[in-house]
Structure formats: C-alpha cells, structure tokens
Amino acid sequence: MCIRDSIKVSLLALPDNIAGYKILKMIGRGGGGVVYLAEKNGKKYAVKVPLIDPYSTVDSANLEKLMKEAEIWSKLEHKNIVKLVEYGAKQYPYIVMEFCSNGSLRAILSKRKLLVDEAIRIFKKVVDAIDYAHHLGVVHCDIKPENILFDENWEPKVTDWGIAKIMLSISTSSKYSGTPVYSSPEQIYPKKYGKIDWKTDIWQLGCVFYELLIGSPPFQADNPGELLMKVLNE
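First, a word on scope: everything that follows refers to the structure included in this document. (Residues numbered from 1 in each chain as written. Predicted model: local features only at pLDDT ≥ 70, side-chain atom pairs only at ≥ 80, totals over all residues. Heavy atoms only, no water.)

1. Brief notes about the sheet that holds strand E1 (residues 17–18)
Working step 1: One open sheet accounts for 6 strands, arranged E1-E2-E3-E4-E6-E5; its pairing is antiparallel. Here the strands that pair on one side only, and so sit at the sheet edges, are E1 and strand E5 (84–88).
Working step 2: Strand direction decides the pairing type here: E1 and strand E2 (residues 21–30), joined by 2 bridges, are antiparallel. Following the sheet pairing, Ile18 is matched in E2 by Tyr21.
Working step 3: Against the sheet, helix H2 (residues 60–74) engages E5 and strand E6 (94–98), with an angle of about 160° to E5. (Pairing = 2+ DSSP bridges. Helix = DSSP H or I, 4+ residues; strand = E, 2+ residues; numbered from the N terminus. Contact = heavy atoms within 4.5 Å. Axes fitted to C-alpha atoms, helices over the stretch in contact; angles between N-to-C directions.)

2. Regarding helix H4 (residues 116–135)
Working step 1: Along its 20 residues, H4 runs 28 Å from first to last C-alpha, staying within 8% of the 28 Å computed at 1.5 Å per residue.
Working step 2: Inspection of H4 places Ala119, Ile122, Phe123, Val126, Ala129, Ile130 and Ala133 among the buried residues, and these make up the whole buried set. The buried residues of H4 occupy an angular sector of 125° when the element is viewed end-on, so they sit on one face. Facing away from the buried side of H4, by more than 90 degrees, are the exposed residues Val116, Asp117, Lys124 and His135.
Working step 3: The inward-facing, buried residues of H4 abut helix H3 (105–109), strand E7 (148–150), strand E8 (156–158) and helix H8 (198–214).
Working step 4: Residue Gly137 follows H4 closely and has a positive phi angle near 80°. (Expected span 1.5 Å × (residues − 1). Buried < 20%, exposed > 50% of the residue type's maximum accessible area, 1.4 Å probe, protein only. Arc of directions from axis to C-beta.)

3. Some words on the pairing of E5
Working step 1: Summarising the sheet, E5 and E6 pair through 4 bridges and their orientation is antiparallel. Bridge assignment links Glu86 to a residue of E6, and that residue is Val96.

4. A few points about the nonpolar core
Working step 1: Residues Trp73, Leu105, Leu114, Trp161 and Leu212 are the most contacted members of the largest nonpolar core, which totals 41 residues.
Working step 2: When contributions to this core are tallied by element, the ones reaching two or more residues are H2, E6, H3, H4, E7, H8 and helix H9 (224–233).
Working step 3: With 7 residues, the single largest contributor to this core is H4.
Working step 4: Setting aside residues no more than four positions away along its own chain, Trp161 makes contact with Glu69, Trp73, Leu76, Ile81, Ala129, Ile130, Ala133, Val138, Val139 and His140. (Core = buried A, V, L, I, M, F, W, Y, C linked by side-chain atoms within 4.5 Å.)

5. Some thoughts on H8
Working step 1: Counted at 1.5 Å a residue, the expected span for H8 with its 17 residues is 24 Å, and the 25 Å between its end C-alpha atoms agrees.
Working step 2: Taken together, the buried positions of H8 are occupied by Thr200, Asp201, Gln204, Leu205, Cys207, Val208, Glu211 and Leu212. Projected down its long axis, H8 shows its buried positions confined to an angular sector of 160°, all on one face.
Working step 3: Looking at the buried positions of H8, the neighbouring elements they touch are H3, H4, E7 and helix H6 (185–188).
Working step 4: Gly215 occupies a position one or two residues after H8 and carries a positive phi of about 105°.

6. A short note on the environment of Leu24
Working step 1: Summarising the element assignment, Leu24 is placed in strand E2.
Working step 2: Sequence separation between Leu24 and Lys44 is 20 residues, and the spatial gap between their C-alpha atoms is 9.4 Å.
Working step 3: In contact with Leu24, not counting residues within four places along its chain, are Leu14, Leu37, Ala38, Glu39 and Lys44.

So this is what it looks like as structure tokens:
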C-alpha cells in the first residue's frame, strides 16, 4: 500500500467515540464529510465530521464559519428540519444531529419514481420547512434529494443547513465530483444574476419538485460545463 492510500485509510478509520458519543458505524460520506451512527444514553444520533487528516490543522476562519452556521442551524425548530443536537471542535470539528433512520430522498429515487400524491406530500412539507427558515432570515442554498431525510415515521426533514461547503473547504479528501444540477443562475454567475438569497432556495425547490414528478432533473448534460450553460441559457 502506498503512502497516499495509507492516509486515505487512516482518514476513514472508525473512531471509538466523538465528544462522548459512542461511534457504531459509518453511514454516509460526501461533500467533504463523513457521517457516523452514534449512541449516547441509549439513544441513536448521526455525527458528522469533515474528512480531514488528523495530523493537519484546520484553518481558523473555516472553523469559525462552521461553528457559526451550526449555531444558526441549532436555532431552527421545525418538524421538517433535522434537529442539530450539539456541535463543537474538540479534537476536530463535529456536529451531532437527530438520526433519520429511513435514509434520504435520493435513496428512494434511485429505486423508484414517486407517485404524484407522494411527491406533493413530501414537497409541501419541505416547502413549509424552507418557508419557516426564510421567515427567520435563514437560507439553505443546497436543497437536493440528498439533503432531504426521512425519520422513523417517514416524515421528511431538511438537513445540512449551511455546512456542506464549509466542510468541503476544511476537508483534505478529494474534491466533490458531483454535477451542480440544482444550481441557480446566481450561484453560477453572480456578477450577472445577483447575490445568493431566498430566491436561490426557490429555484432549487423547483428543480427538486420537477425531479420528483418527472423522474429526472430539469437540466442534464454530459459534463459540468455544458450543464451550467444549459442552466444559464435554457
């Protein structure tokens, strides 16, 4: 095994605990972060940490941004928003969330197309959560099926409020390889289309709802550059 591979393995090694939460297993990875299933006082949680080299130092500006976004998220109290339980930076940055046992909307869409009634039910609840956040001056800016989870009662909940891009900037893993199929024009070309704000969430909600009804995103292309041009021009 080469040195580079050894570092990758060490980054993904399962820790015994994080901030007093006993780590049971890894349940997700992406966007620069790793999500573990954890347990504390007999209750299960999801713990997310950036994928970083334990021997490297985290940039203080990025760490401050992450803690600020976590604090904002922790104040959102809505039945369709994943509850952030705890956050901190001891050893390394982490956030503790309620555990949504039925996975993501993306996992469902990978198996089947939703019925129209199902799509409308889920979408109305997600919209209600985003509307609640907007009234508090909070925007999400990364609404996609991967960030819509389901709890044990199949209640949809929006997660990753403002932290995904910061975790990616902190991460020492390879860069995210996905395509920006939900990006709004202002996210791609702010000089022409203006700043990112609540309208960005509305665009992304439209993209998600389109996919729920049709079965595929509204913009598709063979490469990211072509995709971005379609978003801006079509």
